[in-house]
Amino acid sequence: MKTSIFRLALVGALCSAAMTATAQDIQERTIRFGHLNNTDHPVSAGVQKFAELVSAKSGGKMKVKEFPASQLGNEMQQQSGLQGGVQEMSAPASTSLAGIVKEFGLIDLPFSVTDFGQADALLDGPLGKALIAKLPEKGLVALGFWDLGFRNVTNSKHPITKPEDLAGLKIRVIPNPVFLDTFKAFKANPVPMPFAELYGALESKAVDGQENPYSVILSNKFYEVQKYVSATNHVYAANIVLVSKKLWDKLSPAEQRIMNEAADEARGYQRKVSRDAAQKAVAELQAKGIQYNTIEPGEKVRMQQVVKPVIEHFTGSYDPAIVKLYNDELARIRK
């Protein structure tokens, strides 16, 4: 009996010591989380859910402060801020990382996935993990992918119903080689430009159009300066949750675990909010006066044929092991 009591007391003492150690491992912190979108956008909803979870899991010690609407700079400025340690977190489109890890361009290859199930399987599986593993040496740590949605073309000239309709249009694209070459293949005139400058460029007619998911088009009121939105669905776009490696290396294992768990839980919530918003956005855009059109399956096939050389060019320039993984994963998820 005495031995049993002693053992119970010892276990209790060890548990108490572990809890105390864990509590001591969680410091008072304020984490600045910047992003490009407005507060009515699903990315903002994801940041707010992440902040709520981090606070709850840390007993209120770790606070995440949101800086939306490019308050901390454009895509590249925020990326540099994370790498330099002057900003703690961001959630840019994964496309913005192709400049430092070119294999992230695989995510942007046109018409690679056709639905959300395929997109999630590709990004949450071995390919996404392999890409994320390349970031720490660039000063970044990724906690997973959020939903941005399928990208669609808007413009002020005419509906896009076939590949030839893109010819000659000045289309703003993310400063990313895959996007540039994709629209060049359609004989459009792609114009790389930071997102924060886009509305003004559309308003002044410096560019004819742009391409983004419906929720971005709606949230940023592009319907005020664009006449047409066409369901090209040419690329599935994801946001990636990034942490400055300089911050990450300062976190205790307990704090890192809190961040990882909060990101995992927020991911499912953010994806649902984003996809629900996309469904509603088309009707809301039409109500605002923008003309919407779908593309006939036969014309979509023709679009896919136009960009085949682009896909072959880029897959030929990336790490062969990553390209093989990408192709293997596409074969698996398309079954």
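As the structure is a computational prediction, the values presented were derived from the model and not from experiment.

Rules of the game
- Residues numbered from 1 in each chain as written.
- Predicted model: local features only at pLDDT ≥ 70, side-chain atom pairs only at ≥ 80, totals over all residues.
- Heavy atoms only, no water.
- Helix = DSSP H or I, 4+ residues; strand = E, 2+ residues; numbered from the N terminus.
- Rg over C-alpha atoms; globule rule 2.2 N^0.38 Å.
- Buried < 20%, exposed > 50% of the residue type's maximum accessible area, 1.4 Å probe, protein only.
- Contact = heavy atoms within 4.5 Å.
- Core = buried A, V, L, I, M, F, W, Y, C linked by side-chain atoms within 4.5 Å.
- Arc of directions from axis to C-beta.
- Polar contact = N/O pair within 3.5 Å; in protein donor to acceptor, adjacent residues only side chain to side chain.

Thoughts on the overall build of the chain
A count of helical and extended segments in the chain gives 13 helices and nine strands. For 335 residues, the compact-globule estimate of 2.2 N^0.38 gives 20 Å, and the C-alpha radius of gyration of the chain, at 22 Å, lies within 12% of that figure. Expressed as lengths along the three principal axes of its C-alpha atoms, the size of the chain is roughly 85 × 40 × 35 Å. Residue burial in the chain is summarised as follows: out of 335 residues, 53% are buried. For the chain, the proportion of contacts with a sequence separation of at least 24, taken over those separated by at least 6, is 77%.

Focus on the nonpolar core
Of all hydrophobic cores here, the largest spans 33 residues; its most connected members are Phe104, Val113, Leu135, Phe145, Ile240 and Leu242. Leucine 242 has contacts with Leu82, Glu88, Met89, Ser90, Pro92, Leu97, Leu135, Leu140, Val141 and Ala142, leaving out every residue within four places of it along the chain. Counting 27 residues, the second largest nonpolar core, distinct from the first, contains Ile31, Val43, Trp146 and Leu247.

With respect to the environment of asparagine 74
Following the sequence through the fold, asparagine 74 ends up in the loop between strand 2 (62-67) and helix 3 (75-84). In the structure, asparagine 74 is positioned 40 residues away from glycine 34 in sequence and 9.8 Å away in space, judged by C-alpha atoms.

With respect to helix 6 (residues 177-185)
Listed as buried for helix 6 are Val178, Phe179, Thr182 and Phe183. All buried residues of helix 6 project into a common sector of 120 degrees when viewed along the axis, lining one side. Buried residues in helix 6 make contact with strand 4 (140-155), strand 5 (170-173), strand 6 (189-192), strand 7 (209-212), strand 8 (228-244) and helix 12 (308-315). Among the residues of helix 6, the N-terminal cap falls to asparagine 176, whose side-chain oxygen and the backbone nitrogen of valine 178 are separated by 2.8 Å. Remark: lysine 187 follows helix 6 within two positions and exhibits a positive phi of approximately 65 degrees.

Focus: the environment of isoleucine 333
As for its position among the elements, isoleucine 333 is in helix 13 (residues 320-334). Overall, isoleucine 333 belongs to the buried group, its relative accessible area being 12%. Sequence spacing of isoleucine 333 and alanine 121 is 212 residues, and the spatial spacing of their C-alpha atoms is 6.7 Å. When near neighbours in sequence (up to four residues on either side) are disregarded, isoleucine 333 contacts Val113, Gln118, Ala121 and Leu122.

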